[in-house]
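Working through the structure, step by step
Below, each chain spelled out in residue letters.
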Amino acid sequence: MAQQEDVFKKLVAHCKEYGFVFPSSEIYDGLGAVYDYGQNGVELKNNIKKYWWDAMVKLNDNVVGLDSAIFMHPTIWKASGHVDAFNDPLIDNKDSKKRYRADVLIEEQMAKFDDKIEKEINKAKKKFGDEFDEAKFRETNPNVLREQAKKDALHARFSKALNDNNLEELRQIIIDEEIVCPISGTKNWTEVRQFNLMFSTEMGSTADGAMKIYLRPETAQGIFVNFLNVQKTGRMKIPFGIAQIGKAFRNEIVARQFIFRMREFEQMEMQFFVRPGEEMKWFDYWKSFRLKWHKALGMGDENYQYHDHDKLAHYANAATDIEFRMPFGFKEVEGIHSRTDFDLSSHAKYSGKKIEYFDPELNKSYTPYVIETSIGVDRMFLSILAGAYKEEALEGGDTRVVLRLPAVLAPVKLAVLPLIKKDGLPEKAREIMNTMKLEFNCQYDEKDSIGKRYRRQDAIGTPFCVTVDHQTLEDNTVTVRYRDTMQQERINIDALHAMISKQVTGAELFKKLLE
Ligand code: ATP
């Protein structure tokens, strides 16, 4: 665990050193849980958004896009339930004065049981080697059974407390489980209180009578209130979806995990409108489509898992998360929810407008049901970097830090490097660069030894380096050096474009999604 925390620290440092992520307002000592994206970060982020947008909007003929405003009428948040119910249970440690989410403290306690089970299994694996039968071991080993039983009991108690909204019971669980504050090491806890996560501001001048409005905590509501606009103007037939990418804001209580939990972040959400009664079919469909989207990136299928929710939100009748193995354990990257007709019905009630769909096949009107897929751009960014960051030992005792980013997401696709700074090599390199940059994000670099330049490109995850040498001037060939294998190959400049294009455009990945 300590080793993994170490990796996480290195990753955060790497993000800063190579222009991926900076703390916001750094010269003023930063602003809690707010971050800026640097020159490489913004490229990676844009590529993630494009991969999502193209997979959702371009690939699915029945999904269209939207870009709604951040500011919305305040009654929207009353209708959506956020004013009354968008709360987290918080608890303070009286000695350290640190604030925690009570549910997160208990979830971390449950993860400890899993760690213990994992240790037992690894020990046994080593002991029994090829003979080892993990399923049987889980069913019969007394230590595993004991830890599993403890976890199950805690899980049942925790779920009940959450569903009953029982704050006293949440506190009691923390006391009974002897959970201590990681900073002070004490069990001196306050009561558990509810805390609303929405930021608010004022619109209009006070003299006119200012109106309290909220910074949206999710992009979804912008989609719901535009349901009729899009359906009618796009002549959309159910089932269909509306997708949107945009900023969301939450006044998170605990914000200590870099860009995992931010106060200003970005979401990519899609609401898919279906006939009532068909929502489970579509829930399963999107659950599987979304997991395929993640896995197509090639970060290792074993690093993803589904996690069903312990407590369903007030609007949902089914919900699952897609989790990724971060350096601090499996964590939610995306949520898939079956939201019933809650939002559209509620907006109809609060606005006094009829929000229904006339289904020509059934010859009747109804309020559609909704399946939502919701993923955080920043969390996706973190999961990709966490999966891609590698420190590798090389032959000859050297080491390198490399970001094994999927080529389609890499900030820079191609580096063009003249072997030396004379003999017409820089001019030739510039010439190659000028054609390639019409389509790919390229970098030109002539400073330092070629080895150092390769390392710099490895550190930002550039999949291809093209070196121009004297032979290039004679036979129009260059050396392509591949990031992952570090192998080099001589190819004709005319073949360069096709080779790179195949790797860095989404087409190959999209084929996998349609399989
Ligand atoms: P959590 O339980 O981690 O607080 P959530 O279940 O409240 O997350 P949702 O409301 O389902 O999250 O939001 C959908 C997605 O938006 C999440 O899967 C996550 O990727 C992203 N997200 C939510 N809150 C944040 C945040 N504070 N910072 C960054 N990303 C976030």
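Structural notes, computed from the coordinates. (Residues numbered from 1 in each chain as written. Predicted model: local features only at pLDDT ≥ 70, side-chain atom pairs only at ≥ 80, totals over all residues. Heavy atoms only, no water.)

Counting 65 residues, the largest nonpolar core has Trp 52, Trp 286, Leu 297, Phe 381 and Leu 382 as the members making the most contacts within it. Among the nonpolar cores identified, the runner-up in size contains 22 residues, and Leu 414, Met 433, Tyr 444 and Leu 496 belong to it. (Core = buried A, V, L, I, M, F, W, Y, C linked by side-chain atoms within 4.5 Å. Buried < 20%, exposed > 50% of the residue type's maximum accessible area, 1.4 Å probe, protein only.)

Turning our eyes to something else, we now look at the sheet that holds strand β21 (residues 464-468). In space, the five strands of this open sheet follow the order β20-β19-β21-β22-β23, with mixed pairing throughout. A single partner strand is all that each edge strand has here, and the edge strands are β20 (442-444) and β23 (488-492). The sheet shows a mean angle of 25° between the axes of neighbouring strands, direction not considered. Strand direction decides the pairing type here: strand β19 (residues 414-418) and β20, joined by three bridges, are parallel. Bridge assignment links Val 416 to a residue of β20, and that residue is Tyr 444. Set on the sheet, helix α15 (residues 450-460) makes contact with β19, β20, β21, β22 (477-482) and β23; between it and β19 the angle comes to about 170°. In the packing of helix α17 (residues 493-504) onto the sheet, the strands contacted are β19, β21, β22 and β23, and the crossing angle to β23 comes to about 120°. (Pairing = 2+ DSSP bridges. Helix = DSSP H or I, 4+ residues; strand = E, 2+ residues; numbered from the N terminus. Axes fitted to C-alpha atoms, helices over the stretch in contact; angles between N-to-C directions. Contact = heavy atoms within 4.5 Å.)

At a minimum axis distance of 10 Å, the contact between helix α5 (residues 102-128) and helix α8 (residues 167-176) shows a crossing angle of 40°. Where α5 crosses over α8, the handedness of that crossing is left-handed. Every residue of α8 that contacts α5 at Ala 102, Leu 105 and Ile 106 is listed here: Leu 170, Ile 173 and Ile 174. Tallied by class, residues from the contact of α5 with α8 come to six nonpolar, no polar and no charged. (Left-handed = near helix turned anticlockwise from the far one by under 90°. Nonpolar A, V, L, I, M, F, W, Y, C, P; charged D, E, K, R; others polar.)

On to a nonpolar patch on the surface, then. A grouping of Phe 71, Met 203 and Met 211 is seen on the molecular surface, where their side chains present a nonpolar patch of about 270 Å² in accessible area. Its location among the elements puts Phe 71 in the loop between β3 (63-66) and α3 (75-79). (Patch = residues over 30% accessible without salt bridge, like charges linked within 9 Å, V, L, I, M, F, W, Y side chains within 5 Å. Areas by Shrake-Rupley, 256 points an atom, 1.4 Å probe, with all protein chains shown as cover. Salt bridge = Lys/Arg side-chain N within 4 Å of Asp/Glu carboxyl O.)

In the neighbourhood of the ligand, 16 residues make up the surrounding shell, with Glu 252, Arg 261, Met 262, Glu 332 and Val 333 lying closest. With respect to the ligand, the side chain of Arg 250 contributes an N or O atom lying 3.0 Å from an oxygen atom. Here Arg 379 contributes a side-chain N or O atom positioned 3.1 Å from an oxygen atom of the ligand. Against a free-state accessible area of 600 Å², the protein chains account for coverage of 86% of the ligand. Of all the elements in the fold, those that place two or more residues in the shell around the ligand are β10 (264-274), β13 (329-340) and β16 (369-376). No other element matches the five residues that β13 contributes to the shell around the ligand. (Near = heavy atom within 4 Å. Polar contact = N/O pair within 3.5 Å; in protein donor to acceptor, adjacent residues only side chain to side chain.)

Let's shift gears to the layout of surface pockets. Taken as a whole, the second largest pocket holds about 430 Å³ of empty space. Lining the second largest pocket are 19 residues, with Val 7, Pro 327, Ala 386, Tyr 389 and Lys 390 sitting closest to its centre. Put simply, the parts of the chain that give the lining of the second largest pocket at least two residues each are α1 (2-17), β12 (318-326), α13 (377-388) and β17 (389-393). Here the lining of the second largest pocket takes six residues from α1, the largest share from any one element. Here the residues of the lining of the second largest pocket are counted per class, giving eight nonpolar, five polar and six charged. (1 Å grid on protein atoms, 1.4 Å probe; cavity = no way out; pocket = protein on both sides within 12 Å on 5 of 7 lines; lining within 4 Å. Points joined across faces, edges and corners; volume = space filled by probe spheres on them.)

Our next topic: unusual backbone geometry. Note that the residue after Ile 238, namely Pro 239, is joined by a cis bond; omega there is 10°. Relative to the helices and strands, Pro 239 resides in the loop between α10 (227-233) and β9 (240-249). Positive phi is not limited to glycine here, since Ser 25 has a value of about 50°. Assessed through its relative accessible area of 33%, Ser 25 is described here as partly exposed. Within the chain, Met 486 stands out as a residue other than glycine whose phi angle is a positive 60°. If you trace the backbone, Met 486 turns up in the loop between β22 and β23.

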